[in-house]
Amino acid sequence: MRVLDTAALLYWPVTELSGGICSTSQQSELEQVSLQRYMLISSLDIDWRVPTPDWIDEAKQQAASSGDLPRLSAVDVDVLALAIGLNMPLYTDDYRMQNVMQMAGLTTHSVGTTGAKQVWQWELRCTGCRATEAVPPSINSSKSGPVKECSSCGAAMMLKRKKQ
Ligand SMILES: [Zn+2]
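Definitions and limits used
- Residues numbered from 1 in each chain as written.
- Predicted model: local features only at pLDDT ≥ 70, side-chain atom pairs only at ≥ 80, totals over all residues.
- Heavy atoms only, no water.
- Salt bridge = Lys/Arg side-chain N within 4 Å of Asp/Glu carboxyl O.
- Helix = DSSP H or I, 4+ residues; strand = E, 2+ residues; numbered from the N terminus.
- Buried < 20%, exposed > 50% of the residue type's maximum accessible area, 1.4 Å probe, protein only.
- Core = buried A, V, L, I, M, F, W, Y, C linked by side-chain atoms within 4.5 Å.
- Phe/Tyr/Trp six-rings, centres within 6.5 Å; stacked < 30°, edge-to-face > 60°.
- Lys NZ or Arg CZ within 6 Å of the ring centre and 35° of its normal.
- Donors = N, O, S within 2.8 Å, 3.2 Å for Na, K, Ca; no water.
- Tetrahedral: all angles 85-135°; square planar, octahedral: opposite > 155°, others 65-115°.
- Pairing = 2+ DSSP bridges.
- Arc of directions from axis to C-beta.
- Contact = heavy atoms within 4.5 Å.
- Polar contact = N/O pair within 3.5 Å; in protein donor to acceptor, adjacent residues only side chain to side chain.

Chemist: When you look at the pattern of salt bridges in this model, what are you seeing that I'm missing?
Modeler: Between side chains of opposite charge, a pair can form when the charged atoms approach closely. Tallying each qualifying case throughout the model produces five salt bridges. A salt bridge links Asp68 to Arg96, with the nearest nitrogen and oxygen atoms 3.0 Å apart. On the criterion of sequence distance, the pair formed by Asp68 in the loop between α5 (53-66) and α6 (74-86) and Arg96 in helix α7 (residues 95-103) is long-range, its members being 28 residues apart. On the accessibility criterion, Asp68 (5% relative accessible area) is buried. Put simply, Arg125 and Glu123 hold a salt bridge, and the shortest N to O gap is 3.6 Å. For Arg125, a relative accessible area of 13% corresponds to the buried category.

Structure (structure tokens):
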């Protein structure tokens, strides 16, 4: 489970948003920015919550400690209150919100799709002689099992994560 800021609601593919936790105050913010998007989002399975007064106090305290509070909107504070109150990671690109989350000892992730995901590289490795080969572009796709025979020893080559 994760808390999503309004940028995620605006830019993420709808399939990614399902099950995300958001503040009800983000609905009106979203409606102002993009009515179309708001209507689309309304049909999704998003867990809309109202942060408790305690959670809001806690978020404001953390934001005051980091010095970010004066620059945060009421909606920002609501979103932070949910993440802090529920003890969940927050997805946001707002550096002030990231800063407050860090102050609270909690995790943030970027909303942006570039750089956020780790890129894995794969190669073929021989089960016999341990030779490695780059994955050829012509290879047949299969979900599991040997990919091809080793050109050195004839044993099966398996797809393995490249060691870095
Ligand atoms: Zn081999």
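After that view of the structure, there is still more to cover.
Chemist: In this structure, what is going on with the nonpolar core? I would like to understand it.
Modeler: Generally speaking, nonpolar side chains in soluble globular proteins are found buried as a group. Membership of the largest hydrophobic core comes to 19 residues, with the highest contact counts inside it found for Val3, Leu72, Leu80, Leu90 and Met101. When residues of this core are traced back to their parent elements, those giving at least two are α5, α6 and α7. Considering each element in turn, this core owes the most residues, eight residues, to α6. Counting twelve residues, the second-largest nonpolar core is a separate cluster that includes Leu9, Leu17, Cys22 and Ile41.

Chemist: How should I be thinking about the packing of aromatic side chains in this particular structure?
Modeler: For any two aromatic rings, the description comes down to two numbers: the centre-to-centre distance and the angle of the planes. Following the criterion strictly, the structure yields one aromatic pair and no others. With a centroid separation of 5.4 Å and 75 degrees between ring planes, the pair formed by Trp12 and Tyr91 is classed as edge-to-face. Residue Trp12 is located in the loop between α1 (6-11) and α2 (14-17), and its partner Tyr91 is located in strand β4 (residues 90-91); the two are separated by 79 residues in the primary sequence. Of the two residues, Trp12 and Tyr91, neither departs from the other in class, the shared state being buried. We note Arg2 situated over the ring of Tyr91; from NZ or CZ to the ring centre the distance is 4.9 Å.

Chemist: What am I meant to see in the coordination of the zinc ion here?
Modeler: Angles at a metal have ideal values that depend on geometry: 109.5 degrees with four tetrahedral donors, 90 or 180 degrees with six octahedral donors. For the zinc ion, the protein coordination sphere consists of Cys126 (SG), Cys129 (SG), Cys150 (SG) and Cys153 (SG), at 2.3 to 2.4 Å. Geometry at the zinc ion is tetrahedral, judged from its four donor atoms and the angles of 99 to 117 degrees they form at the metal. In terms of primary sequence, the donors binding the zinc ion are separated according to C-x2-C-x20-C-x2-C. In this pair, Cys126 sits in strand β6 (residues 122-126) while Cys153 sits in the loop between β8 (148-149) and β9 (156-161), placing the two residues 27 residues apart along the sequence.

Chemist: When you look at the sheet that holds β6 in this model, what are you seeing that I'm missing?
Modeler: In any sheet, the strands associate via hydrogen bonds between backbone groups, in a parallel or an antiparallel arrangement. Pairing in this open sheet of four strands is antiparallel, and the strands run β7-β6-β9-β8 from one edge to the other. Each edge of the open sheet is held by one strand with a lone partner, namely β7 (132-133) and β8. Relative to β7, β6 is paired through two bridges, and the arrangement is antiparallel. From the neighbouring strand, Arg125 faces β7, where its bridge partner is Thr132.

Chemist: What is the right way to read α7 from this model?
Modeler: One turn of the α-helix equals 3.6 residues, which is why residues spaced by three or four share an orientation. Taken as a whole, α7 has its buried residues at Met97, Val100 and Met101. Along the axis of α7, the buried positions cluster into a sector of 100 degrees, meaning they face one direction only. Turned more than 90 degrees away from the buried face of α7, the exposed residues are Tyr95 and Gln102. Contacts made by the buried residues of α7 are with α5, α6, β4 and β5 (108-109). You can read the cap of α7 off the contacts: a side-chain oxygen lies 2.8 Å from the backbone nitrogen of Arg96, and it is on Asp94.

Just geometry here; none of it tells us what the structure is for.
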